[in-house]
Amino acid sequence: MLGAMQDWTMRVTHVVDHAAREAGNREIVTRWADGSETRTNWAGIRRDALKMAQALERLGLKPGDKVASIAMNHSRHLVSWFGVAGMGGVLHTVNPRLFEDQLEYIVNHAEDRVVIYDAMFQPIIDLMKDRWPKVEHYICFDPGPGRAEGATSFEDWIGAEDGDYRWAEGSERDPCMICYTSGTTGNPKGVQYEHRSTLMHAMAGLQSAAFAFSAASVMLPVVPMFHAASWGLPYAGGMAGIKFVFSAVNDPAVLHEMMIKEGVTDSAGVPTVWLAHFQYCDAEGIDLPPLKVATIGGSAAPKSMIERLMKSGIRVQHAWGMTETSPIGTVGGPTHDWEQMSFDEKVAKIQMQGRPIFGVELRTVDLDNFTKVLPRDGKTSGALQIRGPWVVKRYFKAEEDAVTEDGWFDTGDVGILHPDGTLQLTDRTKDVIKSGGEWISSVELENAAVGHPAVAEAACIGMAHPRWDERPVLFVVRKPGQECDAESVIAFLSDKVAKWWLPDAVEFVDDIPHTATGKISKKDLRARFADYRLPDTE
Ligand code: AMP
């Protein structure tokens, strides 16, 4: 028997309807790649999204059809989130940094019918057009120069519509967005976000243990709209009716200027973004912008970064998640005993990846068979699994589910769960090093190594060893103009990790390979050193 409450299908268009109705004149500011700026507001975003939905129908698109965006963060990209979902379509946010073969694969695999792109990515379109036979229309987000001769401009295209449109109706379990994983093994895999999962994820993101937006929040998300839906921030922000400041370029000087000028209170990005911002401020001899909240995720936030932000009076939230989890799994912010902690204890807490937000559950299982559930004792590390309504069940077009029988998705991460629910990530299951039957965390070795004053970046991989199975080798990039040798790195590590964890060799390299999302690519590093032999095994 049903209860007696009203029907309300969970569709993402509720977000833009609410924002336009309740915070219609809250601004959405964009700094474009050519240096110009535009200002619209939530009412304007909705008006344009309605026109876009009409324009897509005029092109012959039907519910379920896919539209790709190859774009940075800006107001027109935001319009397309709601315009595509509003006509029942699915927005495929493409990472422009993917390699050619991956771009070819994902656009064809998703069967995108329309591609909408920034003029700065015209070279990608020129390169890929012949390899994307199913794409029927190309539209350029930029009205000005840069786009190819004759390419349709987004403003002209939607400008031909009157916006007299009713959002398409459908199930709340319909897809509204698809993101592909960056594919560290094999082909990238598509994760289809549903209207319902997206709304639930955004609502959970609003809680004070997560993004905690208020009506006064002004957010500049540096995390790209093409990477795991910019962590769901545009949806959560629309629910709270906040002001957004977007920058279509990731230049720290521009970000800094926009943060000051627009009174930005909140920002979010991967550690490299924050690092670049620090370097900019140091070079200019200026303070960090007066933010209230800095969210860091996508890779582990280094201790020195957390310390610096906190010393500047900025609340740091360290988030963990993945494309497959929409992406927020955990967020670390002040805990109940925050006021009793010393500064160092607070930093140590934030260095961990935080606690699950309402809606998702975590557990760890043994790394050998993935069957035994491990205790949440703050000591035992295991393979991290997650389940919840915004966690992938089956990849797009896959024949089988990606979860265990009881619904757990294996993240590929290795972590420790603490009694208070805090997750401490220690490695990836494929990167953790097995030595003499015991596990060594490659990430912990890397994190410790980057604390060395002459080390810019470090990556650790396990190399075959006849006696121990595997032993760690550390690859190090020195800071420009700095000298250090293997002995000094080992000496530096020796009071930070267990003796038997110390790398068997430290090799100095000019660079370490990265994935399209800026993470260290151990797969490429292993391939580069496929012929490497440990010193005592030659
Ligand atoms: P992606 O799907 O590209 O967002 O990558 C997800 C992966 O990034 C996770 O499985 C983790 O390995 C890593 N990751 C995300 N957030 C963090 C974090 N806060 N600390 C350490 N690793 C992270």
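Please refer to the structure placed before this passage.
Keep in mind that this is a model prediction, so the values were computed, not measured.

**Student:** Lay out the overall build of the chain in plain terms, naming residues and giving numbers.
**Tutor:** Per the secondary structure count, the chain includes 15 helices and 25 strands. Its C-alpha radius of gyration of 24 Å places the chain within 12% of the 24 Å reference for a compact globule of 538 residues. Seen through its principal axes, the chain has C-alpha atoms that stretch 70 × 60 × 55 Å. Across the 538 residues that make up the chain, the buried fraction comes to 55%. Side-chain charges in the chain split into 55 positive and 74 negative, and the spacing between the mean points of these groups amounts to 3 Å.

**Student:** Go over the sheet that holds strand E19 (residues 409-417) with me, naming the residues and quoting the values.
**Tutor:** Here we have 4 strands laid out as an open sheet, ordered E17-E18-E19-E20, and antiparallel in their pairing. This sheet does not close on itself; its edge strands, each paired only once, are strand E17 (361-365) and strand E20 (423-428). For this sheet, the mean inter-axis angle between neighbouring strands, taken without regard to orientation, is 45°.

**Student:** Could you give me a rundown of the packing of aromatic side chains, with the residues and numbers involved?
**Tutor:** Taken as a whole and judged by the stated rule, the model has 12 aromatic pairs. Where tryptophan 42 meets phenylalanine 244, the ring centres are 6.1 Å apart and the plane angle is 65°; that geometry is what we call edge-to-face. Note that tryptophan 42 is positioned in helix H2 (residues 42-58) and phenylalanine 244 in strand E11 (residues 243-247), a separation of 202 residues in sequence. Using a relative accessible area of 0% as the deciding quantity, one classes phenylalanine 244 as buried. Ring centres of phenylalanine 475 and phenylalanine 529 lie 4.4 Å apart, and the angle between their planes is 35°; this geometry places the pair in the tilted category. Here phenylalanine 475, found in strand E24 (residues 469-478), pairs with phenylalanine 529, found in the segment after helix H15 (522-528); they are 54 residues apart in sequence, far enough to count as distant. According to the relative accessible area criterion, phenylalanine 475 is buried, its value standing at 0%.

**Student:** Would you mind going over the packing of helix H1 (residues 13-22) against helix H8 (residues 233-240) in detail, with residue names and values included?
**Tutor:** Where H1 contacts H8, the axes come no closer than 7 Å and their chain directions differ by 40°. When the axis of H1 is compared with that of H8, the two are oblique. For H1 against H8, the interelement crossing comes out left-handed. Where H1 approaches H8, its residues Val15, His18 and Ala19 are matched on the opposing element by Tyr235, Gly238 and Met239.

Here is what the cut-offs are and how they apply
- Residues numbered from 1 in each chain as written.
- Predicted model: local features only at pLDDT ≥ 70, side-chain atom pairs only at ≥ 80, totals over all residues.
- Heavy atoms only, no water.
- Helix = DSSP H or I, 4+ residues; strand = E, 2+ residues; numbered from the N terminus.
- Rg over C-alpha atoms; globule rule 2.2 N^0.38 Å.
- Buried < 20%, exposed > 50% of the residue type's maximum accessible area, 1.4 Å probe, protein only.
- Lys, Arg positive; Asp, Glu negative; His and termini not counted.
- Charge placed at Lys NZ, Arg CZ, Asp CG, Glu CD.
- Pairing = 2+ DSSP bridges.
- Axes fitted to C-alpha atoms, helices over the stretch in contact; angles between N-to-C directions.
- Phe/Tyr/Trp six-rings, centres within 6.5 Å; stacked < 30°, edge-to-face > 60°.
- Parallel < 35°, antiparallel > 145°, perpendicular 65-115°, else oblique.
- Left-handed = near helix turned anticlockwise from the far one by under 90°.
- Contact = heavy atoms within 4.5 Å.

Read these as layout, nothing more, since geometry by itself doesn't imply function.
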